[in-house]
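Tertiary structure, described
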Amino acid sequence: MLKNLYLMGYRVSSSKCLTICLGLTFLMGCFIATLPIPPPESQNLRISAKTLDKKKLAIIVPFRDRFEELLEFVPHMYKFLKKQNILFDIFVIQQKDSNRFNRASLINVGYIFTNKNYDYIAMHDVDLLPINDNLKYDYPGLGPLHISSPETHPKYHYATFIGGILLVSRDHFELVKGMSNNYWGWGLEDDEFYVRLKDAGLKVFRPKNITTGTENTFKHIHDKTYRKRDMRKCFNQREVTRHRDRVTGVHDVAYTIHSTHSVAIDDLPITVVNVELLCNKSVTPWCKCPEPAKVKNTKQK
């Protein structure tokens, strides 16, 4: 009898204990569920809130047959921008067709390729290397930032010059509809882009408090005797390209991407995009320009 009562009491106590344990477990689970999820940095990912807020830069390099310059460009830019803690990637937009070089269209293609993942772009010549650490590649929120200003560029010094290296936010590039696609051959595409910026009411900013000048702000690695610029003008090219283009832009650049490659130079990653630019010869027949006829020497020996 006593034994049975003891066993009954044991069962009741065990039942109560089990109920209490289950209740405590439930309450603890509810409490944990209400706790905030820890931020990434507390998970040893070393990503600070400041880093998460930083803008990402896509360096767009319009490119053709400049491999020697590229070998020097990539390590230099990695070293230069690492000091500034800039989040960036380099995209080499390589023209792989038989048309004349079209820098502006390649920049348009580069923008389309990168705009979903990057906040701003740098239109960057491969042969122009910044060597003054005070040239900052920060996000140009107020307006385009012309890094290679007329006061410091080794070659071009007119007030409206914006070639070489220009930083533009995604919003501002779309506002002016990108660059004109009419400029086959060398020159003038950046001058036309300046007019687009001006018409849109955008002010071009330039680095301040730069004490270096045209001889020691940049390293210019273009050898004009080795790489002659394609300055030919044919058909009605001269007449058309001296006017503001209100038709073409990033919205209608005609191209085909044939391949994309992840490449490393000195173990530093870049992306190479091989592009075929398509030419409407009824609009811009100067995408192919006849070579000037060679004058025969008729003098008799």
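As the structure is a prediction and not an experimental result, all values here were calculated from the model.

Definitions and limits used
- Residues numbered from 1 in each chain as written.
- Predicted model: local features only at pLDDT ≥ 70, side-chain atom pairs only at ≥ 80, totals over all residues.
- Heavy atoms only, no water.
- Helix = DSSP H or I, 4+ residues; strand = E, 2+ residues; numbered from the N terminus.
- Buried < 20%, exposed > 50% of the residue type's maximum accessible area, 1.4 Å probe, protein only.
- Contact = heavy atoms within 4.5 Å.
- Areas by Shrake-Rupley, 256 points an atom, 1.4 Å probe, with all protein chains shown as cover.
- 1 Å grid on protein atoms, 1.4 Å probe; cavity = no way out; pocket = protein on both sides within 12 Å on 5 of 7 lines; lining within 4 Å.
- Points joined across faces, edges and corners; volume = space filled by probe spheres on them.
- Nonpolar A, V, L, I, M, F, W, Y, C, P; charged D, E, K, R; others polar.
- pLDDT = per-residue confidence, 0-100.
- Phe/Tyr/Trp six-rings, centres within 6.5 Å; stacked < 30°, edge-to-face > 60°.
- Lys NZ or Arg CZ within 6 Å of the ring centre and 35° of its normal.
- Pairing = 2+ DSSP bridges.
- Axes fitted to C-alpha atoms, helices over the stretch in contact; angles between N-to-C directions.
- Disulfide = S-S within 2.5 Å.
- Polar contact = N/O pair within 3.5 Å; in protein donor to acceptor, adjacent residues only side chain to side chain.

**What to know about the overall build of the protein**
- Along the protein, the regular secondary structure elements total seven helices and nine strands.
- Taking all 301 residues of the protein together, the buried fraction comes to 41%.
- The contacts of the protein with a sequence gap of at least 6 include a subset with a gap of at least 24, amounting to 77%.
- As displayed, the protein has an accessible area near 18,200 Å², and 57% of this comes from carbon and sulfur atoms.

**Let's talk about the layout of surface pockets**
- Reported here for the largest pocket is a volume of approximately 860 Å³.
- R66, F101, W186, H222 and R229 are the residues nearest the centre of the largest pocket, which is lined by 30 residues in total.
- Among the secondary structure elements, those contributing two or more residues to the lining of the largest pocket are β1 (56–63) and α6 (189–199).
- With three residues, α6 is the largest single contributor of residues to the lining of the largest pocket.
- Taken together, the residues of the lining of the largest pocket sort by class into nine nonpolar, seven polar and 14 charged.

**A short note on the confidence of the model for the protein**
- Across the protein, the average pLDDT comes to 86, with 78% of residues at or above 70.
- Below a pLDDT of 50 lies the segment residues 37–49, which in the model reaches eight contacts outside its immediate sequence neighbourhood of four places, other chains included.

**Observations regarding the environment of T160**
- Looking at the secondary structure, you find T160 in the loop between β5 (145–146) and β6 (165–169).
- In sequence terms T160 and S149 are 11 residues apart; their C-alpha atoms lie 9.4 Å from each other.
- Beyond its immediate stretch of four places on either side in the chain, T160 contacts D191, Y194 and R206.

**Notes on the packing of aromatic side chains**
- Summed over the entire model, instances satisfying the criterion amount to 10 aromatic pairs.
- Centroid distance F91 to Y118: 5.4 Å. Interplanar angle 85 degrees. Geometry classified as edge-to-face. Of this pair, F91 sits in strand β2 (residues 87–95) while Y118 sits in the loop between α4 (103–114) and β3 (120–124), and the two are 27 residues apart along the sequence.
- An angle of 70 degrees between the planes, with centres 5.6 Å apart, marks the rings of Y158 and F161 as edge-to-face.
- Under the relative-accessibility criterion, F161 is labelled buried at 3%.
- Aromatic rings pair up to connect Y156, Y158, F161 and W186 into one cluster.
- Positioned over the ring face of Y139 is K55, at 5.1 Å from the centre of the ring.

**A word on unusual backbone geometry**
- You will see that D65, though not glycine, has its phi angle at about 55 degrees, which is positive.
- Even without a glycine there, the phi angle at N85 is positive, about 60 degrees.
- Its place among the elements puts N85 in the loop between α3 (67–82) and β2.

**Here we look at the pairing of β3**
- Of all five residues making up β3, five are buried, and the element is well covered by its neighbours.
- Here β3 shows a buried face lined by Y120, A122 and H124 and a second buried face lined by I121 and M123.
- Here β3 runs beside β6; their pairing, made up of five bridges, is antiparallel. From the neighbouring strand, Y120 faces β6, where its bridge partner is S169.

**Things to note about the sheet that holds β6**
- Pairing is mixed in the open sheet, where seven strands are placed in the order β5-β6-β3-β1-β2-β9-β8. Bordering the open sheet on either side are β5 and β8 (255–265), each of which pairs with just one other strand.
- Both β8 and strand β9 (residues 268–277) contribute to a ladder of 10 bridges, which runs antiparallel. Of the residues in β9, the one forming a bridge with V263 is I270.
- α4 contacts β1, β2, β3, β8 and β9 of the sheet and is inclined by roughly 145 degrees relative to β1.

**Topic: the state of the cysteines**
- Under the defined criterion, the tally for this structure stands at two disulfides.
- The disulfide bridge from C279 ends at C287, spanning 2.1 Å between sulfur atoms. Handedness here is read from the sign of the S-S torsion; for C279 and C287, about -90 degrees, the answer is left-handed.
- Judged by relative accessible area, which is 0%, C287 ranks as buried.
- The cystine pairing of the protein, numbering bonded cysteines in sequence order, is 1-4, 2-3.

**Some thoughts on the side chain of H153**
- With respect to the helices and strands, the residue H153 is situated in the loop between β5 and β6.
- With relative accessibility at 3%, the residue H153 sits in the buried group.
- Side-chain polar atoms of H153 contact the backbone nitrogen of K155, separated by 2.9 Å.
- The residues touching H153, leaving out its near neighbours within four places in the chain, are L128, S148, F161, T214 and F218.

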